[in-house]
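Here's the letter readout for the chains.
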Amino acid sequence: MAVRGVPAESEAVAAQVANLLVIQISHNIAVLLNDKDLVSFRAACKAAQDAVEGDAGALWRRRFFAWFETPQFQLTGQRKVDLANFKVKYQQRKAVLHVIKQIFQIRGNAKPTLSFDTGRRRKEQAALRVLRDLINGVQLPISNHFLEDTANIKTEAFSDKQAGDIQYNSKNLKRVAEFIQKTNILKILGKDGRDYFALKPSELPHHHTSLLYTIQCVLAPLLFCFDDWHMKDQSGFHEAQKMVYLDNITAPILTGLNGQSVNMTWLLKNIQFWRYHFLTVGEPLCPHFEGLEDNQRPDFWASQLRQGTRRLGFHWKGSYAFVDRAEIQIIRKGESGQGHNPQIQDKLNGEEDPDSPFQSVDLALCSTDDSSTWNRDFERHLNSLKTPKTKDARTRAQKSATGGPSNGEVDFATSSYRFDGDGNDYEEEFHMQGWLNPLPPQNGIPGWQRVTMMKYFVDKYDSIDMEALWAYEGIMFPGGMIMMGRWWCPTDGVGEEMYSGPFVLWNVPCDNECVCADHNEFGDGMGV
Ligand SMILES: [Zn+2]
């Protein structure tokens, strides 16, 4: 409709300008207003409400992208519900991350005072689910053939990142790290109030695989930072020391009905054990660990988490701990440092060698996974290609039939990756051969793998010294940057007879003097 005295042409321009202004204003609302002000603005009048909720909710989408990576629901192409999802997800996440308080008045909001305890309370669970969502965004597939189904599922933490970008380029991981600083979620590590010394070995909670423990494990790199985490509280070390020396029958690394659930309790005790040795002032390795360049310490993964990815970092740094054979039994009984017994001190690889306080190992995937060339003696000790037996087929079938998360066990014989390695131990060169077995998602987080490897020495004729084998079994954390587990002497026997201890290795980039063939900025020599 023409306005009197104003040429139609000018009117069109005015309308255009007005349109641009509306767009500009709503863009500013999207970007500039904080959540609290946004809510106040929205309540001011109908026009303000339209600006916030109009345009099919595009404003929420813009706010979402200012904070988070491209979400899984968009990657999977659910365009129709996208815009509504953006609003809901944005509010849920911001409420839990307690960047805001109860502004959005979502039912079941986690309050800013949220304090983690057992991880089982409803509010803790809601927050843990949001953290998991931020870490990976993957739903558990309801299928026994999960490897096929999920091979292409991307996780949203790095939705538009290429491998090699540093972790905090991921908005999601940045939000998670901010959240960690505000809560006690990593500070209650191992403080679940259980007296491990009072428990019989059979009562140890190796079936406990809660989402809280899983997320604490996944966030391990934050626990090896010096910034805010200098280890002052050493409570829990006795339990950790006992757990890491337990034999493979008493404390299996993999457990659950299908034998493919990671024993998160045990893994957390390993993290605690190494934190104590690396971060406690006065411990021999602490100054060496602190002296490492940032990129030479355990780090986050740098690309999207995926299920069953064939990749293995090239350079690894780490340590292993041991005590004398007689002392192991004292530790396993929980008697170290109790009563009249002195605290048994762990001996650590390299702790007396200031030139190489950490062990260095180079690992590389083999071009073929041909199991026919795999040493049968190694396999006998490691069971690298032997899929764990399902303990209770009936229960599992019922679970699948009810649409619950499938255990989705992996066939180790057909979906594993072989690798070789070299390293130096007290100036003696050793070799390694091993396998990576992809594991099902653990509590909804993909990318876990079982690692088995045999460390061996060869004589001048290149034959293996079968009397000096050291077996390793451990867990590769999602993202493939850290592995922790157990070494043992295969000639000593299993169960109570087992002579064993803990090890840790983490992937590091090439250093300046590196002359390796795979030398590149990230030194990861990743596989296919
Ligand atoms: Zn290198």
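The sections below set out a description of the structure shown in this document.

On the secondary structure map, K347 appears in strand β4 (residues 347-348). Each C-alpha atom of the pair K347 and Y320 lies 8.4 Å from the other, and the pair is 27 residues apart in sequence. Residues in contact with K347, not counting those within four places in the same chain, are Y320, A321, F322, V323, D324 and E327. There is a polar contact of 3.4 Å between the side chain of K347 and the side chain of D324.

The interhelical angle for the contact between helix α11 (residues 237-245) and helix α14 (residues 325-332), taken along N-to-C directions, is 125°, at an axis separation of 9 Å. The angle between α11 and α14 falls in the class oblique. Helix-helix and strand crossings are classified by hand; for α11 and α14 the assignment is left-handed. In this structure, α11 contributes Q241, K242 and Y245 to the contact, and α14 contributes I328, I331 and R332. Here the residues of the contact of α11 with α14 are counted per class, giving three nonpolar, one polar and two charged.

The next subject is the packing of helix α3 (residues 46-67) against helix α8 (residues 171-182). The interhelical angle for the contact between α3 and α8, taken along N-to-C directions, is 70°, at an axis separation of 8 Å. When the axes of α3 and α8 are compared, the pair comes out roughly perpendicular. For the pair α3 and α8, the contacting residues are F65, A66 and W67 in the first and K171, R175 and E178 in the second. Here the contact of α3 with α8 is built from residues that sort into three nonpolar, no polar and three charged.

The next thing to look at is α11. The element α11 is extensively covered by neighbouring structure, given that eight of its nine residues are classed as buried. Taken as a whole, α11 has its buried residues at F237, E239, A240, Q241, K242, M243, V244 and Y245. Looking at the buried residues of α11, the elements they touch are α12 (264-279), β3 (315-322), α14 and β11 (500-508).

Right, let's talk about a nonpolar patch on the surface for a bit. Together, V13, V17, L21 and I25 make up an exposed nonpolar region whose accessible area comes to about 340 Å². Tracing the backbone through its elements, the reader meets L21 in helix α1 (residues 8-31).

According to the stated counting rule, one finds 17 salt bridges in the structure shown. Of the charged contacts in the structure, one is a salt bridge between K174 and E178, with a shortest N-O distance of 3.7 Å. On the criterion of helical spacing, the pair formed by K174 and E178 is a turn pair, its members being four residues apart in helix α8. Exposure remark for K174: the relative accessible area of 38% places this residue in the partly exposed category. Residue classification places E178 among the partly exposed positions, given a relative accessible area of 29%. Across the pair E327 and K347 runs a salt bridge, and its minimum N-O distance is 3.9 Å. Of this pair, E327 sits in helix α14 while K347 sits in strand β4, and the two are 20 residues apart along the sequence. Using a relative accessible area of 23% as the deciding quantity, one classes E327 as partly exposed. Here K347 falls in the partly exposed class, since its relative accessible area comes to 29%. Salt bridges linked by common partners bring D35, R63 and K94 together as one network.

Mapped onto the fold, T452 is located in strand β8 (residues 449-456). Within the structure, T452 has its side chain in polar contact with the side chain of S384 (distance 2.7 Å). In this view, T452 contacts L382, S384, F419, Q433, G434, W435, Y472 and E473; residues no more than four positions away in its chain are not counted.

Now for a negative patch on the surface. Side chains of D459, D462, D465 and E467 sit close together on the surface and give a patch of like negative charge. Examined against the element boundaries, D459 turns out to sit in the loop between β8 and β9 (470-476). Judged by relative accessible area, D459 falls into the partly exposed class, the value being 36%.

This part covers α3. A rise of 1.5 Å per residue sets the reference length of α3, with its 22 residues, at 32 Å; its end C-alpha atoms lie only 27 Å apart and thus fall more than 12% short of the reference. When we look at burial in α3, the residues that qualify are A48, V52, G57, A58, L59, W60, R63 and F64.

With respect to the helices and strands, D362 occurs in strand β5 (residues 359-365). The partly exposed category is assigned to D362, whose relative accessible area is 28%. For D362 and G313, which are 49 residues apart along the polypeptide, the C-alpha to C-alpha distance reads 8.5 Å. Beyond its immediate chain neighbours, meaning those up to four positions away, D362 contacts F314, H315, D420, G421 and D422. At 2.7 Å, the side chain of D362 and the side chain of H315 are in polar contact.

Time to look at the nonpolar core. Grouped together as the largest cluster of nonpolar side chains are 109 residues, with contacts concentrated most on L267, I271, F278 and W448. The greatest single-element share of this core, amounting to ten residues, is contributed by α12. Not counting the four nearest positions on each side in its chain, L267 is found in contact with C217, V262, W448, I475, F477 and M484. One finds L382, L385, Y456 and W488 within the second-largest nonpolar core, a separate group that totals eleven residues.

Once that is clear, we can look at the pairing of strand β6 (residues 417-425). Where β5 lies against β6, five bridges are found, and the strand directions are antiparallel. Each bridged residue has a counterpart across the sheet, and for V361 the counterpart in β6 is G423. Sheet analysis places β6 next to strand β7 (residues 428-438), joined by nine bridges and oriented antiparallel. Bridge assignment links F419 to a residue of β7, and that residue is G434.

How each quantity is defined
Residues numbered from 1 in each chain as written. Predicted model: local features only at pLDDT ≥ 70, side-chain atom pairs only at ≥ 80, totals over all residues. Heavy atoms only, no water. Helix = DSSP H or I, 4+ residues; strand = E, 2+ residues; numbered from the N terminus. Contact = heavy atoms within 4.5 Å. Polar contact = N/O pair within 3.5 Å; in protein donor to acceptor, adjacent residues only side chain to side chain. Axes fitted to C-alpha atoms, helices over the stretch in contact; angles between N-to-C directions. Parallel < 35°, antiparallel > 145°, perpendicular 65-115°, else oblique. Left-handed = near helix turned anticlockwise from the far one by under 90°. Nonpolar A, V, L, I, M, F, W, Y, C, P; charged D, E, K, R; others polar. Buried < 20%, exposed > 50% of the residue type's maximum accessible area, 1.4 Å probe, protein only. Patch = residues over 30% accessible without salt bridge, like charges linked within 9 Å, V, L, I, M, F, W, Y side chains within 5 Å. Areas by Shrake-Rupley, 256 points an atom, 1.4 Å probe, with all protein chains shown as cover. Salt bridge = Lys/Arg side-chain N within 4 Å of Asp/Glu carboxyl O. Lys, Arg positive; Asp, Glu negative; His and termini not counted. Charge placed at Lys NZ, Arg CZ, Asp CG, Glu CD. Expected span 1.5 Å × (residues − 1). Core = buried A, V, L, I, M, F, W, Y, C linked by side-chain atoms within 4.5 Å. Pairing = 2+ DSSP bridges.

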